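For reference, the chains in residue letters:
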Amino acid sequence: MLGFTSTPWFDGQNYPFLKQTLAPFGATTAIDIALFVGIILWALVSTLLFSFAILTPYSRKELWLKRVDYAFIVSLGLWLAFFWADQVVMKFDLEQNHMVQGGFQLLCYLTIHLLPDDHPG
């Protein structure tokens, strides 16, 4: 895809797999690229939001929690989108992987909100 997936640091199997998965549904190259770029951008936004949360001092707990919430909601939305996409294109072998990864992330999010905060700050 546009020469970016041929670099040694990039696995490059996701785009061909996406293209192969969508081919029976008549997806064009433009749709394949748009979805792939959309996934990359969604993951980038999630990464940036987690970075902002990490860089926020815990002493500013209200702001920290707000940033943690945004990061987790955006990231969990991506896992949910993957899960729904697996259902739509009937790729049930991927569904379990996406469900487990999203489930662990949801567990981490719930842990932040449900476990007692004994931090003195």
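This is a predicted model, so every value here is computed, not measured.

Participant: How do you make sense of the packing of aromatic side chains when you look at a structure like this?
Facilitator: Within a pair of aromatic rings, the relevant descriptors are the distance that separates the centres and the angle that separates the planes. Summed over all chains, the structure comprises five aromatic pairs. With a centroid separation of 5.4 Å and 70° between ring planes, the pair formed by Y15 and F36 is classed as edge-to-face. Of this pair, Y15 sits in helix α1 (residues 14-22) while F36 sits in helix α2 (residues 29-55), placing them 21 residues apart in sequence. Just as Y15 is buried, F36 falls in that class too. For the pair F72 and Y109, a centre-to-centre distance of 5.1 Å together with 35° between the ring planes defines the contact as tilted. Of this pair, F72 sits in helix α3 (residues 61-88) while Y109 is found in helix α4 (residues 92-114), placing the two residues 37 residues apart along the sequence. When sorted by exposure, F72 lands in the same class as Y109, which is buried. Put simply, the rings of F50, F72 and Y109 pair up and form one aromatic cluster.

Participant: Got a minute to help me understand the environment of L55 in this structure?
Facilitator: Inspection of the secondary structure puts L55 in helix α2. Look at L55 and you get exposed, because its relative accessible area is 69%. A C-alpha to C-alpha distance of 9.9 Å links L55 and R67, two positions 12 residues apart in sequence.

Participant: Mind showing me how you'd approach the confidence of the model for the chain here?
Facilitator: It should be kept in mind that the predicted coordinates are not to be read in detail where pLDDT is low. Residues of the chain with pLDDT of at least 70 account for 86%, and the chain-wide mean is 85. The secondary structure element of the chain with the lowest average pLDDT is α4, at 83, and the one with the highest is α2, at 94.

Participant: It is not clear to me how the nonpolar core should be interpreted in this structure. Could you clarify?
Facilitator: Soluble globular proteins tend to pack their nonpolar side chains together in the buried interior. A53, W64, V68, F72, L76 and Y109 together form the largest nonpolar core, which totals six residues. With four residues, α3 is the largest single contributor of residues to this core. Excluding residues within four positions of it along the chain, L76 makes contact with G102, Q105, L106 and Y109.

Participant: What am I meant to see in the packing of α1 against α2 here?
Facilitator: When two helices pack together, their arrangement is given by the angle between their axes and by how far apart the axes lie. At a minimum axis separation of 10 Å, α1 and α2 run at an interaxial angle of 130°. Here α1 lies oblique to α2, going by the angle between them. Viewed along their axes, α1 and α2 form a crossing whose handedness is right-handed. Listed contacts from α2 to N14, Y15, L18, K19 and L22 of α1 are T29, D32, I33, L35 and F36. Per-class residue counts for the contact of α1 with α2 are six nonpolar, two polar and two charged.

Participant: How do you make sense of α2 when you look at a structure like this?
Facilitator: Think of an α-helix as 3.6 residues a turn; residues three or four steps apart then line up on the same face. Here α2 spans 39 Å end to end across 27 residues, near enough to the 39 Å set by a 1.5 Å rise per residue. Three or more residues of α2 are buried, namely D32, F36, S46, L49 and A53. On its buried face, α2 sits against α1 and α3.

Participant: Help me out: how do you make sense of a nonpolar patch on the surface in this one?
Facilitator: A surface patch of nonpolar side chains, about 440 Å² in accessible area, is lined by V37, L41, L44, L48 and F52. On the basis of relative accessible area, L41 is assigned to the partly exposed category, the value being 47%.

The rules behind each value
Residues numbered from 1 in each chain as written. Predicted model: local features only at pLDDT ≥ 70, side-chain atom pairs only at ≥ 80, totals over all residues. Heavy atoms only, no water. Phe/Tyr/Trp six-rings, centres within 6.5 Å; stacked < 30°, edge-to-face > 60°. Helix = DSSP H or I, 4+ residues; strand = E, 2+ residues; numbered from the N terminus. Buried < 20%, exposed > 50% of the residue type's maximum accessible area, 1.4 Å probe, protein only. pLDDT = per-residue confidence, 0-100. Core = buried A, V, L, I, M, F, W, Y, C linked by side-chain atoms within 4.5 Å. Contact = heavy atoms within 4.5 Å. Axes fitted to C-alpha atoms, helices over the stretch in contact; angles between N-to-C directions. Parallel < 35°, antiparallel > 145°, perpendicular 65-115°, else oblique. Left-handed = near helix turned anticlockwise from the far one by under 90°. Nonpolar A, V, L, I, M, F, W, Y, C, P; charged D, E, K, R; others polar. Expected span 1.5 Å × (residues − 1). Patch = residues over 30% accessible without salt bridge, like charges linked within 9 Å, V, L, I, M, F, W, Y side chains within 5 Å. Areas by Shrake-Rupley, 256 points an atom, 1.4 Å probe, with all protein chains shown as cover. Salt bridge = Lys/Arg side-chain N within 4 Å of Asp/Glu carboxyl O.

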